[in-house]
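Listed here are the chains, written in short residue letters.
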Amino acid sequence: MSEQGHEWLYPNEQVAELEQYFDEELGPNSRRIVYHYLFKDKVGSKTIKETWAKKYTYEWESSWLKVLFPSISLLMGLGLNCSAKGCQQGLVTVRAIFDRVEALLSDGRRYLANTERISAADITFAALGYPLVMPPQFTDIAFPYSPELMPQELYDLIAEFRARPAGQVSTHRTEGE
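1. What about the side chain of Ser119?
Then, in step 1: With respect to the secondary-structure elements, Ser119 resides in the loop between α4 (84-105) and α5 (120-133).
Then, in step 2: Exposure remark for Ser119: the relative accessible area of 0% places this residue in the buried category.
Then, in step 3: In this view, Ser119 contacts Leu9, Pro11 and Val15; residues no more than four positions away in its chain are not counted.

Here is the structure:
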């Protein structure tokens with residue numbers, strides 16, 4: 001997003017730096033991790049296929065989705081580097097990002113870039129961290145956070161990130177702060 005015309009979202013230079021950092025590191029890695037676990041598991045694959053068919057496609061598309069899902073998931077997996085190695089590297093990166101967010105907030109500031117109100121940095125962190133936090137108030141966007149609908153490993157990872165202080169901040173940002 002351009003800063004011009006949105007000064008309230010970019011009140012200082014750190015906001016733009018954090019937004020870019022989250023965009024380049026958090027977004028791709030959170031998607032890589034989640035799709036890695038969903039695509040490698042029968043329950044996860046079934047959940048994502050049903051979610052896409054019900055929420056994100058027209059009726060005629062959903063019949064094609066059932067046929068093309070193996071190819072779609074293979075191509076997405078390759079494009080997002082959803083291999084086990086890619087996932088592990090992504091986890092290292094995302095944990096470091098959460099560490100950085102927690103370090104920023106450790107001085108008592110309310111917002112990531114020490115601004116007076118929510119900024120593009122806070123919004124970007126909440127949005128791109130969503131797949132690994134799945135704030136309870138928004139689980140219907142993707143699919144419910146449930147051990148019956150996802151691999152146990154992914155369920156446990158989401159619980160880990162939700163419990164972290166940065167995960168709590170992300171959850172509160174999505175509550176309309």
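Further notes follow.
2. Considerations on the packing of helix α1 (residues 13-39) against helix α6 (residues 152-163)
When two helices pack together, their arrangement is captured by the angle between the axes and the distance separating the axes.
Then, in step 1: Between α1 and α6, the least distance of the axes is 9 Å, while the angle of their chain directions is 155 degrees. Overall, the two elements α1 and α6 adopt an arrangement that is roughly antiparallel. Contact residues: α1 offers Ile33, Val34, Tyr37 and Leu38, while α6 offers Glu153, Leu154 and Leu157.
Then, in step 2: Across the contact of α1 with α6, the residue classes break down as six nonpolar, no polar and one charged.

3. Some remarks on a nonpolar patch on the surface
Then, in step 1: Together, Tyr58, Trp60, Trp64, Val67 and Leu68 make up an exposed nonpolar region whose accessible area comes to about 640 Å².
Then, in step 2: Note that Val67 resides in helix α3 (residues 59-79).

4. Overview of the nonpolar core
Then, in step 1: Core analysis: the biggest nonpolar cluster contains 47 residues, and Phe22 and Phe125 have the highest contact counts within it.
Then, in step 2: Only α1, α2 (42-55), α3, α4, α5, α6 and α7 (165-173) provide two or more residues apiece to this core.
Then, in step 3: Considering each element in turn, this core owes the most residues, eleven residues, to α1.
Then, in step 4: Setting aside anything within four residues of it in sequence, one finds Phe125 in contact with Phe22, Leu26, Ile97, Phe98, Val101, Leu112, Ala166 and Ser170.

What counts and how
Residues numbered from 1 in each chain as written. Predicted model: local features only at pLDDT ≥ 70, side-chain atom pairs only at ≥ 80, totals over all residues. Heavy atoms only, no water. Helix = DSSP H or I, 4+ residues; strand = E, 2+ residues; numbered from the N terminus. Buried < 20%, exposed > 50% of the residue type's maximum accessible area, 1.4 Å probe, protein only. Contact = heavy atoms within 4.5 Å. Axes fitted to C-alpha atoms, helices over the stretch in contact; angles between N-to-C directions. Parallel < 35°, antiparallel > 145°, perpendicular 65-115°, else oblique. Nonpolar A, V, L, I, M, F, W, Y, C, P; charged D, E, K, R; others polar. Patch = residues over 30% accessible without salt bridge, like charges linked within 9 Å, V, L, I, M, F, W, Y side chains within 5 Å. Areas by Shrake-Rupley, 256 points an atom, 1.4 Å probe, with all protein chains shown as cover. Salt bridge = Lys/Arg side-chain N within 4 Å of Asp/Glu carboxyl O. Core = buried A, V, L, I, M, F, W, Y, C linked by side-chain atoms within 4.5 Å.

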